[in-house]
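Survey of secondary and tertiary structure
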Amino acid sequence: KSSRGLCQGDPISPALFIVGAEVLSGSLNALLEVWGFAHFKVFGGCPIISHLTYADYVTIFNSTPWSGQQVNFHKSCFLVH
């Protein structure tokens, strides 16, 4: 039985992170096939976007009614260049 957890700087940490990120990415891609999932889609023939990943960041895109969350318009803004 293990008595210690994984420590920061452990050589196996990056490999475990990559495995976890791949599982999450595959699950989010499979979610696009679920009926009723309100995905994020840009107009004009652009592909459907479910998530973006970079290094140790993941941004998940979906319509807010599906998640049950609402946008706080007092804390949000939309900027166009």
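For the structure itself, consult the block above.
Residues numbered from 1 in each chain as written. Predicted model: local features only at pLDDT ≥ 70, side-chain atom pairs only at ≥ 80, totals over all residues. Heavy atoms only, no water.

1. What about the side chain of H51?
- Positionally, H51 belongs in strand β3 (residues 51–54).
- Among the residues examined, H51 registers a relative accessible area of 14% and is labelled buried.
- In this structure the side chain of H51 is engaged in a polar contact, spanning 3.0 Å, whose partner is the side chain of S25.
- At a separation of 2.7 Å, a polar atom in the side chain of H51 contacts the side chain of S50.
- Setting aside chain neighbours within four positions, we find H51 in contact with S25, L28, N29, T59, I60 and F61. (Helix = DSSP H or I, 4+ residues; strand = E, 2+ residues; numbered from the N terminus. Buried < 20%, exposed > 50% of the residue type's maximum accessible area, 1.4 Å probe, protein only. Polar contact = N/O pair within 3.5 Å; in protein donor to acceptor, adjacent residues only side chain to side chain. Contact = heavy atoms within 4.5 Å.)

2. Examining the environment of V42
- Here V42 shows up in the loop between β1 (40–41) and β2 (48–49).
- For the pair formed by V42 and F61, sequence separation is 19 residues and the distance between their alpha carbons is 11 Å.

3. Quick notes on a nonpolar patch on the surface
- A cluster of nonpolar side chains, L6, I12 and L16, forms an exposed patch at the surface whose accessible area comes to about 270 Å².
- Within the secondary structure, I12 is located in the segment before α1 (13–31). (Patch = residues over 30% accessible without salt bridge, like charges linked within 9 Å, V, L, I, M, F, W, Y side chains within 5 Å. Areas by Shrake-Rupley, 256 points an atom, 1.4 Å probe, with all protein chains shown as cover. Salt bridge = Lys/Arg side-chain N within 4 Å of Asp/Glu carboxyl O.)

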